[in-house]
Structure formats: C-alpha cells, structure tokens
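Summary of structural features
What follows is each chain in one-letter form.
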Amino acid sequence: MERRDWTWIVLFLILGAAGLSTFVRYYNDAFPVASLDFKLSREEAYQKAETYLHALGYNTDAFESAQIFGHSGTAQIFLERTLGLAETNRLARDWVSIWSWRIRWFKPLEKEELRIHLDPGGRIVHFQHRILESDPGANLTQEEARPIADTFLQTTQGFDLSNYERIEKSSVEREARIDHTFTYRKNGFTVGDDGHYRLAVTVQGNAVGGFVEYLKVPETWIRNYQEIRSRANLLAQIFGVFWIALAVAMLVVIVQKYRQGTLSWRGATLIGILVAVATLIGSINSLPLTRFGYNTTQSYASFMLTFLFTGILGSTVGGAIICLTGASGGVLAREVLYQNRRNPLARLSLKHMFSGGFARSTLVGYGLAFTHLGYVTLFYILGNEYLGVWSPARMVEYNNTFSTFLPWIYPLITGLVASTNEEFFFRLLAIPLLIRLIKKPYLAVLLQAIVWAFLHANYPQEPIYIRGLELTVVGIIFGVVFLRFGIWATVISHYVYNAFLGVYPMVQSSSLYFQISGILVVGILFIPAVPALFSLITGKTREIEDEEEEPPPELAPPPVPEPQETIVRKEPEAYLLNKKELTLAGIIALVGLVLTLAFQIDRYGKRTLKLTLTRTEAVAHAEAFRQTLGLDLEGYRRTAWFANFLGSDAYTHLVRKAGVARADTLTTQETNPWQWYVRWFKPLEKEELQIAVNHRGEISKLDHRLPEGKEGANLKIDDARPIAEAFLAEHFSLTVTDTTQYKLLEARSRKREARTDHSFVWERIDKKVADGEFRLEATVHGDRVGYTRKRYKAPEAFLRELRESHVKDTI
C-alpha cells in the first residue's frame, strides 16, 4: 500500500479511537437507556411464574409454553416526555410496570391459555386465564364478585386498596356464567393532564381469571403523538418513492447488462447466499418471538410449516435482492468509476480478503464505524442541549434481542443485512448511476445521502427530520469513502456500527449471560480485521492485489442470425366467425340464459335484500337524523360509502343453524347486513359522527365518537340505563324494557377524564337460533346516547372451529 493510504488509515483509526471513547463515556446521555436490573433470568422468570400459577390452583403440564421480553412502549415514551428519563427510570425500578418477562401457556386448537408477566425484579404484574365464553361458572352479582376481586388484590398481589379508588365496573352474562371486571385508580399519582396508574381484575364466575396493572396514558397525548408519527412516516414514504425508482433502475441495468454479457455474478451471488443463510438463521433464532404470537385456531404443525416457509421465502428474496443489487452496482462501478479495469465484487474470494486493497478497506471501515459512533453521540448531546432534540430510551434491543434463543446472534445478523442491503443500494448502485445521469460526482453523493438519510425519518426521534439531518452527513462521508476506498470500507463500517450499537446494552446489563453474549459479539465484530492484519504483518499484500486486477471485459460478438422459416400472416378477416359458427354460438348463449333463469338457486339474502336507496338519499336520511339529535357539525367534512356484511362468519352460523329461508328473514328483521355509512369528521380531531342507513332507508347505527377529555355527566349505571332505553324506544321503536323480548346481558362503566360512559347489551330472547344471539348495543356518553347498533353474535366455539387451519390448508 502507498504512503498516502497509510496516512488515511492512521487518520481514521485515530478518529475511531476518539469516537469510541466519546461513545462509551457519553452513551447514556446520547442514547438514553431505561434502567433495567435483570434480577431474574429467563429460566428464573419461568419458574416463578409457574409457582404463582400452582399457588392459584392451575396445572400447566398439559400446556405448551412460549416466553419473550417485552415492554409498554407508549407508556415509557409518555413518561419520558412528561417526567424525563431519570424519573421514568426511578418509577420503573420502584413500582410502575413497563418492562416484563412474558410467559404464555397454550394448547393448539383450544382457546384456554394462561399468561403471566413479571417485571425484571420478579413482581407479577399481569395474569390472565383465557377460556371460552361458553365455559361454565357461577352466576354471581357484582356485589358478590367484588369481595373476590378485593381479596385477590390484597392477599395474592399485596396491594393496599386504601391507596386506590374504584372507578369502573362491568358485568357480562356469558352462556353459562357471569363475568365481572373491576378497575381501580391509584390515589395521589398523576402524570401530565390525566396519566394515572390502574389495577384491573376480572372475576370469571367465582374465580379470578385476569389481573393487570398498567399506566393509563391520556388519549389526548396518544393522539398528538400518533399525529407526529404519521408525519414522520409520511416523510419516510416520500423518500421511499426514490428508493423504488432506484430499484426500477437496478432492474433496467440488469436487463441491459445481461443482454450485453457484461454482468459478473460470482461475488454478488456469494454475498447474496451469505445474507440469505444469515437471514434464515436469524429467523430460526427468533422462533420464541413468533411462537409467542401463535394463533391457537391454527394447528401447531400448520404454524411451524408457515413459519419455516415464511423464513425460507423471506431469506431467499432478501438474498436475491442483495445479489441483483450487487451485480448491477458492480458493473456500473466498473464502467463509471474504474474505467472497466475491475469490478469491486467480481472476484470475491478468501484470497481477496488477504489483499492490500481489502486490508485498507477493512481498517478504514473500522475507523469510520467508531468515528460514526462518536459523531452520533455528540450530535444528540448537542442537539438535546441546544436544539430541543429528543431521543427515547433504547427499546428494540431489549424486546427482540433478549427474546431470541441466542441473543448474541441478533445484532450480528441485523448488522449484516442492513449493511449489505443499504450500502449496495445507495453507494455501490446509486452513486455510479447518478454520476452517469447527472455527470457531477459531488451531486450524486449528496442526493443518495439525502434519500438514504430521510428513509430513516420514521424513527422515534423528534423533531421528525432530525434523523434525516444526522444521517445526511453520514451518507455524504460514506459516499466519499466509497469513492476513495471502495465498497467494502462502507459495508464493514455500517456492519460494525449497527452490530456494536445493538450489542452494547448487553455489555451494560447486570446479567452475566448477557454480558458474555455482548463480549462474544464484540469479538466476532473484529474477525474481518484478522486477514487484514495478517496480510500487513506478512507483507504479502502487493502481489495478491496485483493478481486480482481484471482485464477489461470483452464484449461478446453479436450472434449470427440463423435462417428462419417464412411466417405466413393471416389477415384479420380470417379470424371472424362464419354464419354456422355464429348460429352455434347464439344457441349456446340462449341455452345458458334459459338454464340460468329456470334453475334459480335460493341464495342467502336474495329474497329480502333489495337495495333501493341511492347514496344521495342515504345522506339525506342521515342528515335528517343528525338534525333530530341536535348535533351541530359546522366545519366538518362529510363522506359516504356502502358496506356489505353478508359474508361475515357470524352469518355463516345463522345460515347453517336456521336454513337459508329463515336466516334471510331474521337477517333483515334483526340485523343490518347492507348499510350506507355517512361520516362527519375533522382532520387531527377525534370527535366524529357516523350514521348508518340500511337498504330500506332506516337509521341502523349511530356512532358519535368523543375524546376521553370531553366533559359530560358522571351518572351511576342505574341512572344511565333509562336514558339508553328511552333513546332506543324514541328513535328506533325498540322496547328493550319488554322482558319477554329482551334480556340485559352486559352492563359496563368506564371512567373517562371528565365524564363516565356506560355501555349496555341486550339479547333478543324470543328469536333465538341455536346458541347464536341477536344483540342490541347502546352506549351513554355522560348523559347522552352516543352509540347504537344491532348485530348477530355467533358462538365463540363455532367461530374458532370455522377459522381453524391445518397443514393441508397451509399448503
């Protein structure tokens, strides 16, 4: 290598050492980390959860199990933004549930399952026993069930209920039991406008079937945060258009160069295979994450087949994209940057790894990676201090890494996939392509950097453009390094940066297992440096580098066209039907029409459903009903659409149990399968109104959605029920007080920020169909009805059986 190369290498290594030192020293300031003390390992958390279940009388021997580490992202970000990271960490350590080991016991093709969440210190913060709605149990009243909930909270969970206020209660009458849920709010603890801590307990029959403690984040804050994230996603999507254009350009280059015979596949294919194998290994390593979300309406064999097929397909497609990008980018780099002397991916081999060029790229890459770490650290420290930049505590590494079989594999694979994919697309392919198109290298480097950077705008940092600005600088530097030192310098730098950033939380963990995993990854990160150091020490870099220079590719001579047979083309008239053929076609069409009319099939919905209402008429009906309710929607936008629910699974049950004729009549009388929906809304505001009009022109549904902070009355549930009953009688001619026709199944109360909402569900008992139910629902917001609808509810057991999938379905 030349002296100038050594100058650059030494400079990057010095900058890298300074960057790494800065990163380690100020890591927590630039990349805030939630304070986690893993007092329980994965195995210890599982054992403690099983002990807890056994104490409650549950036996898990017949269940399968799955375990992950997760967190409440919205709650954490809300606390960070409102109280700051230090106070958030203090609360998380002391008693607020954010992070948790999550263990699930389940049975394939059965609904029954058990779930336990433990915080990192080992405290049970969530318990759930899921059973079918038809499973039997006691029929207690709310007054009889409440002591069971209170005793559970005090004795089993150890809460002092004198510090809590009961704010919500609900009752649901199941087929063979009654379930009750009670919600409590912690006294004297408020975050922001109305963030508070809650406990909720569900009594299934006469046994506790669920418990959870959680931070209730104000709806207003959630909507504001979602609005910010939507703008960030839009920004990323805009630049995603340029990425798609780049992908199209890549395909054009592939086709052109393939026809010319100038593509070199070897190096790109090797890298593609490496990425595909690594991705597949990563997919298998993440089985615990996927298994935790297993849908029990799917057989376990079908689930595993889907998992393997998805993993193989995803890794194959990912490897193919890397291969295509590398092949097209390599040939463009050879033609545009190296004047047809060499292709940076043409002769990738073990021998190449001991060359001087690769040694130079490797050392520059390591120096650039650690320089990058230092730059980003200073960027966010200064941004936080002077520009109001905010970066949330690291979250993804805990969720994904700690939940896999081998945590140390995850950052290595994500680093490999990200580095090869992005560097091949935006440096190897985009820069030569842009130089060819616009003839200005500096502009090509700038444009690819901007597009690459703002594709990361959907990261949670704020303001939404800050990651774009941060990475534009990085993209420019990477572009310059690529032009000077080749693609492997930026690939190695990108790989080391991503993997190191992902593994560093492991190194900081108090768990010995995670510390060892982190150290192992750090050691693996330096493997590419071994051949570089060897070649430098032995001094064998020059001759290997010379051997690898490629002669200019020779274009294959154009093939000599072979003589072809003369093709006799027919005139268009030759394809027209003659008189006999036209007569035969007419007879066939006539027979088909007669058969269609003569053999009518008794289809579901055909007898009673006739759409006679236009969109304009439906809007007029909805507007008249809105005015009757006295709702002023000035300044709101309005839209309307038609919806057809005849194909729903619930109606499948109705047809099978009642037959087509009776199902037809009941569907039209007791439900509304065809509806015009009219909606009034304002952008960025939750309050909106939806009114549905059925096919006969009758109002069939009301949905007035209000913010939780909207003021209203705080009635008791017994005072709200007559309001709902009177509204249904006045506007829908439904007498739910007639106990020969209707039976109250559910009554729920929900405490909002400035009012109390009550929901009621009645069943039409005089028109039962097997174990299905015709239901009528209504919700009172404060002291005004804001929601009504009629529907048919099919039994849960039937729906689960209907949705089951087995191996043959998966195939």
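As the structure is a computational prediction, the values presented were derived from the model and not from experiment.

**A word on the overall build of the chain**
Helix and strand counts for the chain stand at 24 helices and 16 strands. Overall size of the chain, expressed as C-alpha extent along the three principal axes, is 95 × 95 × 55 Å. When each of the 811 residues of the chain is scored for burial, the buried share is 51%. Put simply, the chain shows about 39300 Å² of open surface, and 58% of that area lies on carbon and sulfur atoms. Taking the average place of the 89 positive charges on the side chains of the chain and the average place of its 85 negative ones, the gap between the two points comes to 4 Å.

**Section: unusual backbone geometry**
Note the cis peptide between Glu 462 and Pro 463, where omega equals 0°. Structurally, the position occupied by Pro 463 is in the loop between α13 (441-454) and α14 (466-485). Within the chain, Leu 684 stands out as a residue other than glycine whose phi angle is a positive 70°. With respect to the helices and strands, the residue Leu 684 is situated in the loop between β10 (674-681) and β11 (688-694). Exposure remark for Leu 684: the relative accessible area of 66% places this residue in the exposed category. Phi at Ser 733 takes a positive value of approximately 55°, unusual for a residue other than glycine. With respect to the helices and strands, Ser 733 occurs in the loop between α22 (717-732) and β13 (742-751). For Ser 733, a relative accessible area of 62% gives the class exposed.

**Quick notes on the confidence of the model for the chain**
Here the chain shows a mean pLDDT of 91. Residues at 70 or above account for 93%. For the chain, helix α18 (residues 541-547) is the element with the lowest average pLDDT, namely 46, and strand β12 (residues 699-705) is the one with the highest, namely 98. In the model, residues 543-553 has pLDDT below 50 throughout and makes 26 contacts with residues more than four positions away in sequence or in other chains.

**Concerning the side chain of His 494**
Relative to the assigned elements, His 494 resides in helix α15 (residues 487-508). Judged by its relative accessible area of 5%, His 494 falls in the buried class. Once residues lying within four places of it in the same chain are set aside, the contact partners of His 494 are Ala 418, Ser 419, Glu 422, Glu 423, Trp 452 and Phe 478.

**Quick notes on the side chain of Gln 448**
Counting through the fold element by element, Gln 448 comes out in helix α13. Leave out the neighbours within four places in its chain, and Gln 448 touches Phe 426, Arg 427, Ala 430, Ile 431, Leu 434, Gly 475 and Gly 479.

**Focus on the environment of Arg 775**
Take Arg 775: it is sitting in strand β15 (residues 773-781). Distance in space between the C-alpha atoms of Arg 775 and Lys 686 is 27 Å, their sequence separation being 89 residues. With sequence-adjacent residues up to four places away left out, Arg 775 is seen in contact with Leu 745, Glu 746, Val 761, Trp 762, Arg 789, Lys 790, Arg 791 and Lys 793. Of the polar contacts made by the side chain of Arg 775, one reaches the side chain of Glu 773; its length is 2.7 Å.

Criteria and cut-off values
- Residues numbered from 1 in each chain as written.
- Predicted model: local features only at pLDDT ≥ 70, side-chain atom pairs only at ≥ 80, totals over all residues.
- Heavy atoms only, no water.
- Helix = DSSP H or I, 4+ residues; strand = E, 2+ residues; numbered from the N terminus.
- Buried < 20%, exposed > 50% of the residue type's maximum accessible area, 1.4 Å probe, protein only.
- Areas by Shrake-Rupley, 256 points an atom, 1.4 Å probe, with all protein chains shown as cover.
- Lys, Arg positive; Asp, Glu negative; His and termini not counted.
- Charge placed at Lys NZ, Arg CZ, Asp CG, Glu CD.
- pLDDT = per-residue confidence, 0-100.
- Contact = heavy atoms within 4.5 Å.
- Polar contact = N/O pair within 3.5 Å; in protein donor to acceptor, adjacent residues only side chain to side chain.

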